[in-house]
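Each chain is listed here by its residues.
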Amino acid sequence: MAPMIIAIDGPAASGKGTLGKRLAHHYGYRHLDTGVIYRAVAKGLLDEGFDLTDEARAVAVAMELDPESFGHPELKTQRIGDAASVVSAIPSVREALVNFQRQFAADPPGAVLDGRDIGTVICPNADVKIFVVADPQVRARRRTLEALARGEAADEAMVLADILKRDERDKNRAAAPLKAAADAHILDNSNLDIEGGVRAAIAIVEAVR
Ligand code: C5P
């Protein structure tokens, strides 16, 4: 079987990260959660005390990113997710990160990338594109349970408000907005558990290749 590039996009907390990881494992591919990259840029700026809209600093941080830092637990927090959504709207920051993502996608033995613009901008020629959607309430519930499991305080109504705010920002920005590619397969994850979602995603991939 020829190596594939699988692009997974979708709104915040739709389950695309878990699906990406599981699909990569299933096919023996590498996985890149591209949200972590924008989160790392945001954290880098905040740690140095810079404003999230400081374009020159944000580009400098983006160019010096160390993938070794992508596993930092603080990157998962809502505060950093929110900050990432501000910094990711800066076109020059996105441009600084394109090559890293495309190189990751191209390297053997095949790759799964998940994010907001993988099927539209980063890998428009991906072999399979999946756009994951889920009801906002379901997404808020999952994110809240994840935060509580990590020992963080989380209020579901506030998580929901944050998710909706972030989706709006991501959809309405000029640079690489969150949207399904014309040739993406929509996967509604609202009523699926993890295994059900994985089966649905594998079925999409198998039907395409
Ligand atoms: O997916 P995650 O919630 O980790 O992404 C954090 C933020 O990073 C998103 O709200 C979005 O603004 C940005 N992002 C992006 N493009 C991607 C992945 C994430 O703009 N490919």
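In this text, all values refer to a predicted model and were calculated from it rather than measured experimentally.

In this fold, Arg 39 is placed in helix α2 (residues 35-47). It turns out Arg 39 is buried and unbridged, and the closest side chain with the opposite charge, Asp 33, is 6.2 Å from it. A polar contact is formed between the side chain of Arg 39 and the backbone oxygen of Leu 75, at a distance of 2.7 Å. At a separation of 3.5 Å, a polar atom in the side chain of Arg 39 contacts the main-chain carbonyl oxygen of Lys 76.

In this section: the site of the ligand. Taken together, 15 residues sit near the ligand, with Arg 39, Arg 94, Arg 116, Arg 166 and Asp 170 positioned nearest. In this structure, an oxygen atom belonging to the ligand sits 2.8 Å away from a side-chain N or O atom of Arg 116. At 2.9 Å, a side-chain N or O of Arg 173 approaches an oxygen atom of the ligand. Looking at which element gives the most residues to the shell around the ligand, the answer is α2, with three residues. Broken down by class, the residue content of the shell around the ligand amounts to two nonpolar, five polar and eight charged.

So, on to the sheet that holds strand β4 (residues 128-133). Pairing within the open sheet is parallel, and its five strands lie in the order β2-β3-β1-β4-β5. In this open sheet, the two edge strands, each paired with only one partner strand, are β2 (30-33) and β5 (185-188). For this sheet, the mean angle separating the axes of adjacent strands, direction not counted, is 20°. Here strand β1 (residues 5-9) runs beside β4; their pairing, made up of four bridges, is parallel. Paired with Asp 9 across the two strands is Phe 131, which belongs to β4. Contacts from helix α5 (residues 91-106) reach β1, β2 and β3 (111-115), with the element oriented near 145° to β3.

This brings us to the UniProt feature "binding site: ATP" (unreviewed entry) in the protein. UniProt marks Gly 10, Pro 11, Ala 12, Ala 13, Ser 14, Gly 15, Lys 16, Gly 17 and Thr 18 with the feature "binding site: ATP" (unreviewed entry), using the numbering shown here. Assignment of secondary structure puts Gly 17 in helix α1 (residues 16-27). According to the relative accessible area criterion, Gly 17 is partly exposed, its value standing at 24%. With near-sequence residues (within four places) excluded, Gly 17 lies in contact with His 31 and Asp 114. Locating Thr 18 in the fold gives a position in helix α1.

Geometrically, the link from Pro 108 to Pro 109 is a cis peptide bond, its omega value of 10° lying close to zero. Following the sequence through the fold, Pro 109 ends up in the loop between α5 and β3. Even without a glycine there, the phi angle at Ala 13 is positive, about 60°. By the element assignment, Ala 13 lies in the loop between β1 and α1. One non-glycine residue, Ala 176, lies in the positive phi region at around 45°. A relative accessible area of 15% places Ala 176 in the buried class.

With that settled, consider the UniProt feature "domain: Cytidylate kinase" (unreviewed entry) in the protein. According to UniProt, the "domain: Cytidylate kinase" (unreviewed entry) feature falls on residues 6-203. Split by type, residues 6-203 is 54% helix and 12% strand. Its first and last C-alpha atoms lie 13 Å apart.

On the secondary structure map, Arg 57 appears in helix α3 (residues 55-63). On the basis of relative accessibility, which here comes to 41%, the residue Arg 57 falls in the partly exposed class. As for Arg 57 and Tyr 27, which are separated by 30 residues in sequence, their C-alpha atoms are 38 Å apart. Ignoring sequence-local partners within four residues, the contact set of Arg 57 consists of Leu 45 and Phe 50.

Calculation rules
Residues numbered from 1 in each chain as written. Predicted model: local features only at pLDDT ≥ 70, side-chain atom pairs only at ≥ 80, totals over all residues. Heavy atoms only, no water. Helix = DSSP H or I, 4+ residues; strand = E, 2+ residues; numbered from the N terminus. Buried < 20%, exposed > 50% of the residue type's maximum accessible area, 1.4 Å probe, protein only. Lys, Arg positive; Asp, Glu negative; His and termini not counted. Salt bridge = Lys/Arg side-chain N within 4 Å of Asp/Glu carboxyl O. Polar contact = N/O pair within 3.5 Å; in protein donor to acceptor, adjacent residues only side chain to side chain. Near = heavy atom within 4 Å. Nonpolar A, V, L, I, M, F, W, Y, C, P; charged D, E, K, R; others polar. Pairing = 2+ DSSP bridges. Axes fitted to C-alpha atoms, helices over the stretch in contact; angles between N-to-C directions. Contact = heavy atoms within 4.5 Å. UniProt positions renumbered as here; feature names shortened; annotations may be inferred.

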